[in-house]
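Examination of the molecular architecture
Chain by chain, the residues run as shown.
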Amino acid sequence: MAPQETAAAGEGGVAPPRRLKVKINNKYYTIGPEVSKTMTLVDFLREQVKLPGTKVLCREGGCGVCTVVATAPDPEHEGAYKTFSVNACQLLVYACAGWSFETVEYLGNRYDGYHTLQKALTGFYGTQCGYCSPGMIMTMYGQLKSSGSLTAAQVEESLDGNLCRCTGYRPILDAFKSLAEDGDQCLKDKLVDIEEANRARCPKTGNACKGKCESSKKEDESSCKNGQGNQADADPIEEEVAFTDGGIQWYRPLTLVGVRNAMKKIQRDEKYCIVVGNTGQGVYKEDGPYTTYISTNAVKALYNISVGEPLVLGANVSLSRAIEVFQHVANTYPNYRYLDTLVRHWKLVANVSVRNTGSWAGNLMLKHKHHEFPSDIFLTLLAVDAQLTLIHADTTDTLQVDLETFLTTDMSRRLITAVTLSPMAQDTQFRTYKITPRTVNAHAYVNACFKIRVDPEDGFKVIGNPTIVYGGINPDFIHAKQTESFLRGRSLLQVPTIVKAARLLGKEVKPDAQPQDASPQYRKSLAQNLLYKAIVSILGDKVSNEIVSGGTMLERPLSSGQQEFDMNRDMWPVGKAIPKVESATQISGEAVYMDDIPTLPGELHGAFVQTKYAKAKLKSADASEALRIPGVVAYINASDIPGKNSFYPGGGPDPVFIDEQVRYAGQAVGLIVANDRETAVRAAKLVNVEYEDIAKPALTIVEALQEGREEVAVNIMTGKREPHSLGDVEEGFKEVKHKLKGELQQGSQFHLTMEAIAARVVPTEDGYDVFSTTQWPTQTQSSVAEVLDIPAHCINVSVRRIGGGYGGKITRQHVVSSAAAVASRKLRCPVRIVVDLNTHMSLVGWREPYLSKYEVGFDDDGKLQALRVDMFSDAGHVPNEASVGFLAGPVQNAYHVPNLLFRPVIVRTDTAANTWCRTPGTVEALATIENILEHIANYLKKDPLEVRMLNMVKPEVPRLMAPPLERNVVLDEILPLLKQKAMYEQRKEEVEAFNKANRWKKRGLSIVPLWYGFNYPSMFRYGIQVSIYEHDGTVAVTHGGIEMGQGINTKVAQVAAHALEIPIEKVIIKASDTTVGANSIVTGGSFGTDICCHGTKIACEALRQRIDAIKEEELKKDANKELTWEELIRMCHMRDVDLCERYWTAGKEHPQRYDIWAACCLEVEIDVLTGQYLLHRADIVEDCGKSMNPFVDIGQVEGAFIMGVGLYTSELVKFNVETGEKLSNGTWEYKPPTALDIPVDMRVTLLPNASNPYGVLGSKATGEPALCFSYVVVTALRQAIAAFRAENGNEDWFDMHTPLTVEKVQQLCGVRPEQFRLVSNLEGETCPEDFQMIDGDEVADAVESDANEASCSMT
Ligand SMILES: Cc1cc2nc3c(=O)[nH]c(=O)nc-3n(C[C@H](O)[C@H](O)[C@H](O)COP(=O)(O)OP(=O)(O)OC[C@H]3O[C@@H](n4cnc5c(N)ncnc54)[C@H](O)[C@@H]3O)c2cc1C
Ligand code: FES
Ligand code: FES
């Protein structure tokens, strides 16, 4: 029920005044006592207003799925309003009383038509699972409405906070850029086609809608669904608000005096919060709960902006507004040009939606509370000598402090009111840097600011005191004081000065060793390198051309994409690039995901209590404090389980709740059940868990091997625990010319489905209805049946769709459905569990980490002669899903290994049971052989591609665990085509030339081919039912597969339409369930789509036969008779033809196995000094056979490729090595690629003239293979790193364990201050390795004796 217009008195105090309202989609909602003071807007929208189109995942401002558009009074202009995008998970609903919001439902829907942004996203195939889509649209809508314009650059910039795991972003960017004023004409033409197809012309002007109203008439604007119109005015509250409710004080003053008065009421040591954007809780979630909230959003004085000299900004000015002001002032006032630098830096803070509401003062207070926070705002303001104005509750005096003093000022009952920025002398050089694990929306490893006055006429001598400050070093470190004083009066043109300064810096910078941070050595090296970077940049053209690249950052141009594919018109709609059948519901928020199902009266919510230790015994768990919280109903644990305490049917035990032995940190101890989610989550934290026998866990393969926790996997050919072999390895090694040994470690990966795992269990008259985010309803059913110890037929599982799977919802989500079932049975009411991201990431296992050890023998040319590979898979605490036993085939990739011994080993660690993740093991096996070939190429000093080509397998040659090939398509067709399309030879030369010309930026170009043996396992079987309705001939298909974004429903609909010979509009796909789809297997491994399409085809053909028989009868009567489909169906019905067909896709009738081929060419560029990298261009050619839907397939290829890029670069997992806690458990620490991390130029070609005699309708699967060749990002980065190392005389092989983070790239380059130069390759210019170092106590001397340091001078 939506909140009522009336508000009753809250518990124990004065209820909020009746006037507190928000306007949502043009309707007013009262914020009554049923709304908790800490309720966020997203919960209000979803739970109270019942608008589930706005999604929720991280609750940290880090993923963007909750984006809505807000309109709030513009504090700078009386009576005016401002519109901007916000993260609804951050805003407290009470704090935005008086604002109005638009959600995706309002933008467009099936009743009123769709907004152009929505149509563009579907038309460009920009949705897969669709869970991110509402957020993407609302972010772009916010951009359009707030600025009134949309350029291609704005599209890219504004998507910095929206994650998508499915698409690889390219189609999303294209969709929105098609609407940009300066968008590419090809994209615009496509958009026109989409508009035509949707017949969505502007009813007023008749033109195709451009996303904003072109009509000059005001009334047109207000009725326009497409852009600037329908501005929902806010309803500002003009009076102070103060109330007490449930022990919480809430104040909403209008003036500074009001704030002071509110602060006066705060007791000493009371926990209170000034609420502005409330985004701080996205970073420091544990800071609350508070007993007093003071919302300062209505205090106009805090928004004051005074432009001039000095520039003053009120404390509540948002980061976005500050950036606008800085830009304006920098352009207007010469002494404020330095603000350009702040603009660039502040645009790298958080993301657009956080910056739209987050204030600079709130940011500073985070730094004040948490000195370790690498605040960009603090550092940059400090560097420019900004002054803060503070007021105190008890006095009317104001206090002016600089940023360093602020850090040590007691801020209790103090308020920041303003910041003052002074002009800066124009001869001052100001540089700032922020080095991050990915391009945007990431905190700094290290940030740095350099403010140095120099005299260019006098050897760039430093005038006065330079400012050199760093963040991310340790909580206390800010100024590099010794380095600052050392540089005073010295010439920056002196290389020894630079080297000495860097070495000195290396001594005074002492990074702390925090497990979640980058290594101290990297952070120290970054500090040194950034100093050098700043100096090179300041010296400008005084340094030689090769060195210039040391002074710049990587510049990312606007991205673009190209796709090429055959039209394959012969079987349309099979083969046609039609939009996904559910995309219209996805873009309007109408698509229903598990947690969008409305709650039933009396439905309860569960939140897990989790362990902190990985290896311990559970002594006790006391929930009494939690149970005292109003609204908490019960605490459920292992003793409540009537059946088996394991959510893994048929495997080793994986307990729902800990019985005694803790197996991993994050494991569920129990479940708190409460009336609402927020209460359950809060109470779960209060359960007091005690442990005994706490021990240090084994968290890595290496640690587990030391404890002997390994077993050889079962050889699936022999059924024994033994290696797989081909040829005779022992003999083979006797013949070899060269031998190498090596290792490759590959890390884990979180699936990061944008919809977390969730389940809802509802008791029914015959058992339980289970709604679950499962890829495997049958096993969810079995797991609930076993846990509750009831028959399977009592459990009905149904799944409409899931918001991404990638393997993460095959079995891992059973823990949620089982726990909900136990609670539902005990409490006899519906129970829902929707875990938050932190819980999801720690509760369940991820992709298995791998360790490969190899010994390889080869001849002088690099031809493989013998190979031994041991692959160790980290299965976690129980090896139910280790995939290593299947990797003997993939480890050969497209190569011939005449003598091969492959030993698959499963290792147990004290971590959550790891699980399948998109191409489980296959990608790691492929990476292993590619790494081996790179190793050989390095040893022989050959081009790695040459070694690859030399080893390509020929047809008819025996293969391990795979039949001999009919053809090597990658050798015969794909590589020649790819090399030509990517202009490989030419670009290879260009890369070499670039590397010669640039000392500090290096490029790498690499090609990785792929053979992917696609073998349908016989247990992959699905139930399919096709029903034709006699009423109008429409068709409903139910299949046992799960739509999770891969397009199974679209392809099934296409196949049904083709086989029945009807328009696709007649076909609809229904939810999957365990009644029609009984006993269906998991949807995964790219098998589900193929087999369900195969089954649908057979079912439809059977129906068509029956229908055709009637048709023939009719034609016999009258050869000229023309029957419409509808007439024919009606006739069939009248003649008792069964219009339903069920088909079971028996294993023996599967399509035959086939090979999938592909290759990718990637060019990367690295910044040697920082380790940051840019993917310049990716060219992919993949054999999809006759694609059933080219855009669905290209979407799969691009999405899988980018997921692989994340796996191999930024997605790093960290544990607390003492306790075993997963530290990478949210968006702050875990970094999948964003829209600005994908290749700048992304080109995908589906192999032309391809077909597949063995697959379904000539097609090939596309869901997984492309992830395998994403290893190309590692091989390309290797080229770039190797180029730098070679230049420094080191051509040795080096290990590249993955993920290859920015930190690792830089560390592998191994830059030392002694390598700093100003002129490249000039004799006498570089600094000798044995250059005299200044020890700490010599610093003072060094400062004094600056005049004598000229030995390596340029001049
Ligand atoms: C996803 C995400 C990414 C981020 N990335 C970065 C980043 O890369 N770099 C970076 O530097 N920051 C980053 N941040 C931090 C972000 O800049 C801050 O969260 C934001 O600026 C805080 O402003 P706010 O108005 O939301 O503060 P709130 O959350 O409303 O308040 C934060 C704290 O400040 C106090 N406070 C607020 N205003 C005042 C005042 N006037 N006087 C005294 N106390 C006050 C509050 O009591 C509270 O304790 C990120 C945040 C998020 C959520
Ligand atoms: S749920 Fe709000 S940003 Fe992730
Ligand atoms: S479509 Fe973006 S997360 Fe699935």
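Analysis parameters
Residues numbered from 1 in each chain as written. Chains lettered and ligands numbered in written order. Predicted model: local features only at pLDDT ≥ 70, side-chain atom pairs only at ≥ 80, totals over all residues. Heavy atoms only, no water. Near = heavy atom within 4 Å. Polar contact = N/O pair within 3.5 Å; in protein donor to acceptor, adjacent residues only side chain to side chain. Areas by Shrake-Rupley, 256 points an atom, 1.4 Å probe, with all protein chains shown as cover. Helix = DSSP H or I, 4+ residues; strand = E, 2+ residues; numbered from the N terminus. Nonpolar A, V, L, I, M, F, W, Y, C, P; charged D, E, K, R; others polar. Phe/Tyr/Trp six-rings, centres within 6.5 Å; stacked < 30°, edge-to-face > 60°. Buried < 20%, exposed > 50% of the residue type's maximum accessible area, 1.4 Å probe, protein only. Lys NZ or Arg CZ within 6 Å of the ring centre and 35° of its normal. Pairing = 2+ DSSP bridges. Axes fitted to C-alpha atoms, helices over the stretch in contact; angles between N-to-C directions. Contact = heavy atoms within 4.5 Å. Patch = residues over 30% accessible without salt bridge, like charges linked within 9 Å, V, L, I, M, F, W, Y side chains within 5 Å. Salt bridge = Lys/Arg side-chain N within 4 Å of Asp/Glu carboxyl O. 1 Å grid on protein atoms, 1.4 Å probe; cavity = no way out; pocket = protein on both sides within 12 Å on 5 of 7 lines; lining within 4 Å. Points joined across faces, edges and corners; volume = space filled by probe spheres on them. Parallel < 35°, antiparallel > 145°, perpendicular 65-115°, else oblique. Left-handed = near helix turned anticlockwise from the far one by under 90°. Expected span 1.5 Å × (residues − 1). Core = buried A, V, L, I, M, F, W, Y, C linked by side-chain atoms within 4.5 Å. pLDDT = per-residue confidence, 0-100.

**Quick look at the site of ligand 1**
Close to ligand 1 lie 38 residues, the nearest being Thr279, Ser359, Lys369, Asp376 and Lys434. The separation between an oxygen atom of ligand 1 and a polar main-chain atom of Asn278 is 2.8 Å. Asn363 places a side-chain nitrogen or oxygen 2.9 Å from an oxygen atom of ligand 1. Coverage of ligand 1 by the protein amounts to 97% of the 980 Å² it exposes when considered alone. Counting only elements with at least two residues in the shell around ligand 1, the list comes to β8 (272-275), α10 (280-283), α13 (352-357), α14 (360-369), α15 (376-383) and β14 (414-421). Per-element tally for the shell around ligand 1: the top contributor is α14, with six residues. For the shell around ligand 1, the per-class residue count stands at 20 nonpolar, 13 polar and five charged.

**What to know about the packing of aromatic side chains**
Given two aromatic rings, their pairing is described by the distance between the two centres and the angle made by the two planes. Evaluated as defined, the whole model comprises 36 aromatic pairs. Ring centres 5.0 Å apart and planes at 90° place the aromatic pair Tyr131 and Tyr593 in the edge-to-face group. With Tyr131 in the loop between α3 (116-123) and α4 (133-147) and Tyr593 in the loop between α21 (583-587) and β19 (604-610), the pair connects residues that are 462 residues apart, well separated along the chain. For the pair formed by Tyr131 and Tyr593, the shared burial category is buried. Feature note: the residues Tyr94, Phe243, Trp250, Tyr290 and Tyr293 constitute an aromatic cluster, connected by ring pairs. Lying over the aromatic face of Tyr28, Lys21 brings its terminal NZ or CZ to 5.1 Å of the ring centre.

**A short note on the sheet that holds strand β17 (residues 461-471)**
With antiparallel pairing, three strands are arranged side by side in an open sheet as β15-β16-β17. Only two strands of the sheet have a single neighbouring strand rather than two, namely β15 (428-435) and β17. When the angles between neighbouring strand axes are averaged without regard to direction, this sheet yields 10°. Lying over the sheet, helix α12 (residues 339-346) contacts β15 and β16 (446-455), oriented at roughly 0° with respect to β15.

**Regarding a nonpolar patch on the surface**
On the surface, a cluster of nonpolar side chains totalling about 340 Å² of accessible area is made up of Ile716, Met717 and Phe886. Along the chain, Phe886 turns up in the loop between β33 (864-876) and β34 (900-908).

**A look at the sheet that holds strand β37 (residues 1035-1039)**
If you walk across this open sheet you meet the four strands as β38-β37-β36-β40, and the pairing is mixed. Either end of the sheet is taken by a strand with one partner, and the two such strands are β38 (1067-1069) and β40 (1140-1144). Taking each pair of neighbouring strands and ignoring which way they run, the sheet shows an average axis angle of 15°. Relative to β37, strand β36 (residues 1023-1028) runs antiparallel, the two sharing five bridges. Bridge pairing links Ser1027 to Ala1036 in β37.

**Re unusual backbone geometry**
A cis amide bond, omega 10°, links Trp572 with the succeeding residue Pro573. Tracing the backbone shows Pro573 in the loop between β18 (560-564) and α21. For the bond from Thr1298 to Pro1299, the omega torsion is 10°, close enough to zero to count as cis. Mapped onto the fold, Pro1299 is located in the loop between α38 (1272-1287) and α39 (1302-1309). Phi is positive for Asn26, close to 75°, though the residue is something other than glycine. Within the secondary structure layout, Asn26 lies in the loop between β1 (21-24) and β2 (27-30).

**Quick look at the environment of Asn899**
Its location among the elements puts Asn899 in the loop between β33 and β34. For the pair Asn899 and Glu730, spaced 169 residues apart in the sequence, the C-alpha separation amounts to 8.4 Å. If sequence neighbours within four positions are ignored, Asn899 has contacts with Leu726, Gly727, Asp728, Val729, Gly732, Gln865, Ala866 and Leu867.

**As for the pairing of strand β31 (residues 831-834)**
In the sheet, β19 pairs with β31 via two bridges, with the strands oriented parallel. Bridge assignment links Leu604 to a residue of β31, and that residue is Val831. Pairing analysis gives four bridges linking strand β28 (residues 758-764) to β31, with the strands arranged antiparallel. By the bridge assignment, Ala758 is partnered in β31 with Val834.

**Structural notes on empty space enclosed by the protein**
Counting across every chain of the model gives 10 cavities of 30 Å³ or more. Taken as a whole, the largest cavity holds about 120 Å³ of empty space. Looking at the largest cavity, it is lined by 13 residues, and the ones nearest its centre are Val56, Asp595, Ala756, Val834 and Val835. For the lining of the largest cavity, the class distribution of residues is eight nonpolar, no polar and five charged.

**Focus on the pattern of salt bridges**
Using the criterion set out here, one finds 76 salt bridges in the structure. The closest approach of N and O atoms between Arg1135 and Glu1114, which form a salt bridge, is 2.2 Å. Taken as a pair, Arg1135 in the loop between α35 (1125-1134) and β40 and Glu1114 in helix α34 (residues 1087-1117) lie far apart in primary sequence, 21 residues in all. With a relative accessible area of 31%, Arg1135 lands in the partly exposed category.

**Points about the packing of helix α26 (residues 777-788) against helix α27 (residues 814-827)**
To describe two helices that pack against each other, one gives the angle between their axes and the distance between the axes. Look at α26 against α27: their axes get within 9 Å of each other, and the N-to-C directions meet at 40°. Taken together, α26 and α27 sit at an angle that is classed as oblique. Of the two possible hands of crossing, α26 and α27 adopt the one that is right-handed. Taken together, the residues of α27 that come into contact with α26 (itself represented by Gln779, Thr780, Ser783, Val784, Val787 and Leu788) are His814, Ser817, Ser818, Ala821, Val822 and Arg825. A per-class count over the contact of α26 with α27 returns five nonpolar, six polar and one charged.

**Things to note about the packing of helix α11 (residues 319-332) against α12**
Contact geometry of α11 with α12 gives a least axis separation of 8 Å together with a crossing angle of 155°. When the axes of α11 and α12 are compared, the pair comes out roughly antiparallel. The handedness of the crossing between α11 and α12 comes out as left-handed. Across from Leu319, Ala322, Ile323, Phe326, Gln327, Val329, Ala330 and Asn331 in α11, the residues of α12 making contact are Leu339, Asp340, Leu342, Val343 and Trp346.

**Looking at helix α36 (residues 1190-1208)**
For α36, built from 19 residues, the straight-helix expectation of 27 Å at 1.5 Å per residue is met to within 8% by its first-to-last C-alpha distance of 27 Å. Here α36 lies mainly inside the structure; 19 of its 19 residues are buried.

**Points about the nonpolar core**
By size, the foremost hydrophobic cluster in this structure holds 236 residues, and its most contacted members are Phe176, Phe450, Tyr470, Phe608 and Phe1201. For this core, the leading source of residues is helix α19 (residues 520-539), giving 11 residues. Discounting residues that sit within four places of it in the chain, Phe450 has contacts with Gln429, Phe430, Arg431, Tyr433, Thr467, Ile468, Tyr470, Leu530, Leu531 and Ala534.

**Topic: the confidence of the model for the protein**
Residues with a pLDDT of 70 or more make up 93% of the protein, whose mean pLDDT is 92. A low-confidence stretch, residues 1-13 (pLDDT under 50), is modelled with 28 contacts involving residues beyond four sequence positions or located in other chains. Across residues 199-208, confidence stays below pLDDT 50; counting only partners more than four residues off in sequence or on other chains, it has 15 contacts.

**Some points on the side chain of Ser1224**
Relative to the elements of secondary structure, Ser1224 occurs in the loop between α36 and β43 (1241-1246). Judged by relative accessible area, Ser1224 falls into the buried class, the value being 2%. For Ser1224, the side chain forms a polar contact with the main-chain oxygen of Leu1212, separated by 3.3 Å. Apart from residues lying up to four places away in sequence, Ser1224 is in contact with Met841, Trp846, Leu1212, Val1213, Lys1214, Glu1229 and Tyr1230.

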